[in-house]
Amino acid sequence: GGVQTAKPGDWAVLSNGETYTIDAVEFDKTYEEVSPGIFRKTAVTYAVELVEAGQIDTLEGTSDFKEGDFLCAPNPEMTESYPVARDTFLTTYERV
């Protein structure tokens, strides 16, 4: 939930029944095309489980999260963070 605002050139991503936007620069750094129109995230994602509900400002706007969701980031400092719903996280990400 929350208000997401895409800029010209940003990506709209459909994954596991959810649609969200990704900043164009971040998308280019973290995804690769595996077939026409199909992309796979290649970057490591750092994550922590959230212990309470709240909101966070992301590159694309404000995002809401629930207790038990995960806060993810492309770096261990957890900058450029974004929330991922618990069910989506558990079915999409794998531990490395």
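For every chain, the first residue of the written sequence is number 1, and numbering continues from 1 along that sequence. Totals for whole chains, interfaces and linings use every residue, but because this is a predicted model, local features are given only for residues with pLDDT of at least 70 and side-chain atom pairs only at 80 or more, for both listing and counting. Heavy atoms throughout the structure, all of them, feed into the side-chain values; hydrogens and water do not.

S.K.: For this particular structure, what's the right way to read the pairing of strand 1 (residues 11-15)?
M.R.: Note on strand geometry: in a regular strand, side chains alternate between the two faces of the sheet. We treat two strands as partners when DSSP finds at least two bridges between them. Numbering goes from the N terminus for both helices and strands, where a helix is a DSSP run of H or I of at least four residues and a strand is a run of E of at least two. In terms of strand pairing, strand 1 meets strand 2 (residues 18-22) through five bridges, oriented antiparallel. In the strand pairing of strand 2, Val13 is matched with Tyr20. Turn length for the strand 1-strand 2 hairpin, with the two strands adjacent in sequence and antiparallel, is two residues, and the turn residue Asn16 shows positive phi of about 55 degrees.

S.K.: Explain the pattern of salt bridges to me, please; I cannot follow it from the model alone.
M.R.: Pairing is possible between side chains that carry opposite charge, provided their charged atoms lie close to one another. Salt bridge, as used here, is a side-chain nitrogen of Lys or Arg placed within 4 Å of a carboxyl oxygen of Asp or Glu. Under the definition given, this model contains five salt bridges. A salt bridge links Lys7 to Asp10; its shortest N-O distance comes to 3.2 Å. For the exposure calls, accessible area comes from a 1.4 Å probe over protein chains only, and a residue counts as buried if that area is under 20% of its type's maximum, exposed if over 50%, partly exposed in between. Given the relative accessible area of 15%, Asp10 is considered buried. For Asp23, the salt bridge is made with Lys7, and the minimal N-O distance between the two is 2.9 Å. Linking Asp23 in the loop between strand 2 and helix 1 (24-30) with Lys7 in the segment before strand 1, this pair joins segments that are 16 residues apart in sequence. Its relative accessible area of 12% is what places Asp23 among the buried residues. Judged by its relative accessible area of 39%, Lys7 is partly exposed. Connected via shared salt-bridge partners are Lys7, Asp10 and Asp23.

S.K.: Honestly, the packing of aromatic side chains in this entry has me stumped. Any pointers?
M.R.: The description of two aromatic rings rests on the distance between their centres and on the angle between their planes. Ring pairs shown here join Phe, Tyr and Trp side chains whose ring centres sit within 6.5 Å, with only the six-membered ring taken for Trp; geometry is labelled stacked below 30 degrees between planes, edge-to-face above 60, and tilted in between. In total, this model carries six aromatic pairs according to the counting rule given. When the ring of Trp11 is compared with that of Phe27, the centres are 4.0 Å apart and the planes differ by 15 degrees; the resulting orientation is stacked. One end of the pair, Trp11, is in strand 1; the other, Phe27, is in helix 1, and 16 residues separate them in sequence. Each member of the aromatic cluster is reached from another via a ring pair, and the members are Trp11, Phe27, Tyr31 and Phe39.

S.K.: How should a nonpolar patch on the surface be read in this particular structure?
M.R.: Residues enter patches when their relative accessible area tops 30% and they take part in no salt bridge; the joining distance is 9 Å for like charges and 5 Å for the nonpolar side chains Val, Leu, Ile, Met, Phe, Trp and Tyr. Note on areas: these come from Shrake-Rupley sampling with a 1.4 Å probe, and a residue is covered only by the protein chains present in the view. There is a patch of nonpolar side chains on the surface, built from Val44, Tyr46 and Val96 and spanning about 320 Å² of accessible area. Relative to the elements of secondary structure, Val44 occurs in the loop between strand 4 (38-41) and strand 5 (46-49). Owing to a relative accessible area of 46%, Val44 belongs among the partly exposed residues under this scheme.

S.K.: Hey, could you run me through the side chain of Glu60 in this one?
M.R.: Tracing the chain through its elements places Glu60 in the loop between strand 6 (54-58) and strand 7 (61-65). A positive count includes Lys and Arg, and a negative count includes Asp and Glu. His and the chain ends are not counted in either. Despite being buried, Glu60 has no salt bridge partner; Lys7 is the closest side chain of opposite charge, sitting 5.7 Å away. A polar contact of 2.7 Å, which involves the side chain of Glu60, links it to the backbone nitrogen of Asp23. Whenever a nitrogen or oxygen atom comes within 3.5 Å of another N or O atom, the pair is scored as a polar contact, on the condition that within protein one atom can donate a hydrogen and the other can accept it, and that pairs from neighbouring residues in sequence are kept only if both atoms are in side chains.

Shape is all these values report; function is a separate question.
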